[in-house]
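# Close look at the chain arrangement
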Amino acid sequence: MLESSDLRLKRIPLNNRSGQMPALGFGTLIPDPALTITATRGALEAGFRHFDCAERYRNEREVGEALQAGLATGEIRREDIFVTTKLWNTNHRPERVQPAFKASLDRLGLEYLDLYLIHTPFAFQPGDEQDPRDQDGRVIYDTGVTLLDTWRAMENLVDRGQCRAIGLSDITLDGVLPIYESARIKPAVVQVESHPYLPETELLEFCNQNGVVFLAFAPLGHGTKELLEDPVISAIAARVEKTPAQVLLAWAVQRGTALLTTPKSAARARENFDISPLPEDAFDEINRIQKRQRLNPVVQTGVPGFIARAS
Ligand SMILES: NC(=O)c1ccc[n+]([C@@H]2O[C@H](COP(=O)([O-])OP(=O)(O)OC[C@H]3O[C@@H](n4cnc5c(N)ncnc54)[C@H](OP(=O)(O)O)[C@@H]3O)[C@@H](O)[C@H]2O)c1
């Protein structure tokens, strides 16, 4: 059954009765600090109420500034917005989790987070260098900590009431299962790359069966022409009188996922927020696309695919 309700306002309940995530999310992976502020404000004004951040993006302060400005208008309350940030790979040691969380919270200028994610399952050498490398340029991993050790420290944050929910990111179904089975507080969300060229159907089924929110990043294929100009997507866009981006975002919400998109201008934020349900035949046609392509290899190494190394 396809949805007929307003996709723009859809909220997905989190497990543990820990709140509801607006399905349409705004991602803040924006390298330029000034652009981070204007884009985040543009997203708030367009109607986005879900904001995805990360300590690794090095712009939590700017995102916080934009959110605080929105809250200061009095038209939006803290409980109206859903804010996520992520623990970076160099902070997986349990004793580093609470300080990393607190530092993110302070940069964002918030008193609690709606969701805290382990950014990737790969632990890097602990320390302030976010991209530790040996003399040959190889990543220095940390073998002294397991993902379950880190998860236990994440659970403690929920116990202390500092974040409402916790989850995983850049992980495969095989990686999720052992954490899900051992967790005292089950992952509420799994964030992974997903679009018609990477539907991640098995992981989505697992999430649906277990009440875990599947949160898709790069729903527009990170803006690549290939997906935005895919003949199936373009033909549907023309037929339903929407843009290809709107078709891709509607498809993602209609298949039951939440999503993160990163429009940088106010006009694109309005465009990306203004989605409406696709007819069933169009939805099915997108499901039948056979092409497969992963754009971001972070899931294989923990090294971010969309962040330049020097940043
Ligand atoms: N967990 C992880 O490791 C991970 C990895 C990657 C991303 N993420 C999260 O997911 C978020 C979204 O990822 P993403 O940036 O790949 O999302 P995306 O929305 O698929 O791609 C953004 C790109 O699409 C373009 N775009 C946006 N709206 C458009 C429209 N209406 N028409 C045509 N092009 C459009 C943007 O161009 P302009 O710049 O010109 O607006 C930008 O280049 C990130 O910000 C981040 O929060 C997480």
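In short, a report on the structure. (Residues numbered from 1 in each chain as written. Predicted model: local features only at pLDDT ≥ 70, side-chain atom pairs only at ≥ 80, totals over all residues. Heavy atoms only, no water.)

This part takes up the overall build of the protein chain. Scanning the protein chain for helices and strands turns up 12 helices and 10 strands. The globule rule puts the C-alpha radius of gyration for 311 residues at 19 Å, and the 19 Å found for the protein chain is close to it. The buried share of the protein chain, taken over its 311 residues, is 54%. Considering only intrachain contacts with a sequence separation of at least 6, the fraction spanning at least 24 residues in the protein chain is 73%. When the accessible surface of the protein chain is split by element, carbon and sulfur atoms take 49% of a total near 13600 Å². Across the protein chain, the mean location of the 35 positive side-chain charges is 2 Å away from that of the 42 negative side-chain charges. (Helix = DSSP H or I, 4+ residues; strand = E, 2+ residues; numbered from the N terminus. Rg over C-alpha atoms; globule rule 2.2 N^0.38 Å. Buried < 20%, exposed > 50% of the residue type's maximum accessible area, 1.4 Å probe, protein only. Contact = heavy atoms within 4.5 Å. Areas by Shrake-Rupley, 256 points an atom, 1.4 Å probe, with all protein chains shown as cover. Lys, Arg positive; Asp, Glu negative; His and termini not counted. Charge placed at Lys NZ, Arg CZ, Asp CG, Glu CD.)

Near the ligand lie 28 residues; those nearest to it are Asp52, Asp170, His222, Thr262 and Lys264. Expressed as a share of its isolated accessible area of 920 Å², the protein-covered part of the ligand is 87%. Assessed atom by atom at 2 Å from the grid points, the ligand resides in the largest pocket. In terms of residues, the shell around the ligand owes the most to one element, helix H10 (residues 266-273), which gives three residues. (Near = heavy atom within 4 Å. 1 Å grid on protein atoms, 1.4 Å probe; cavity = no way out; pocket = protein on both sides within 12 Å on 5 of 7 lines; lining within 4 Å. Sits in = over half its atoms within 2 Å of the grid points.)

Right, let's talk about the pairing of strand S10 (residues 258-261) for a bit. Of the two faces of S10, the one carrying Ala258 and Leu260 and the one carrying Leu259 and Thr261 are both buried. Pairing between strand S3 (residues 24-27) and S10: three bridges, direction parallel. Across the sheet, Phe26 pairs through a bridge with Thr261, a residue of S10. (Pairing = 2+ DSSP bridges.)

Further remarks concern the sheet that holds S10. Spatially, S3-S4-S5-S6-S7-S8-S9-S10 is the arrangement adopted by the eight strands of the closed barrel, whose pairing is parallel. Here the strands of the sheet are splayed against their neighbours by 30° on average, with no regard to which way each runs. Inspection of the sheet shows strand S5 (residues 82-87) paired to strand S6 (residues 113-118) by four bridges, in the parallel sense. Across the sheet, the residue bridging to Thr85 is Tyr116, located in S6. (Axes fitted to C-alpha atoms, helices over the stretch in contact; angles between N-to-C directions.)

Looking now at the side chain of Thr28. For Thr28, the location among the structural elements is in the loop between S3 and helix H1 (33-46). The buried category is assigned to Thr28, whose relative accessible area is 0%. Here Asp52 takes part through its backbone oxygen, which lies 2.7 Å from a polar atom of the side chain of Thr28. (Polar contact = N/O pair within 3.5 Å; in protein donor to acceptor, adjacent residues only side chain to side chain.)

This brings us to helix H6 (residues 201-210). The α-helix advances 3.6 residues per turn, and as a result positions three or four apart in sequence lie on the same side. Of the residues making up H6, those classed as buried are Leu203, Leu204, Phe206 and Cys207. One side of H6 carries all its buried residues, which in axial view fall inside an arc of 160°. When the buried face of H6 is taken as reference, the exposed residues oriented beyond 90 degrees from it are Glu202, Asn208 and Gln209. Against helix H5 (173-182), strand S8 (189-193) and strand S9 (213-217) lie the buried residues of H6. A positive backbone phi angle near 65° is found at Gly211, which sits one or two residues after H6. (Arc of directions from axis to C-beta.)

All told, the structure shown has 18 salt bridges when counted by the stated rule. With a shortest N-O distance of 2.8 Å, Asp80 and Arg77 are connected by a salt bridge. Owing to a relative accessible area of 22%, Asp80 belongs among the partly exposed residues under this scheme. A cluster of three or more residues bridged by salt bridges with shared partners is formed by Arg77, Glu79 and Asp80. (Salt bridge = Lys/Arg side-chain N within 4 Å of Asp/Glu carboxyl O.)

Keep in mind these numbers describe shape, not what the thing actually does.
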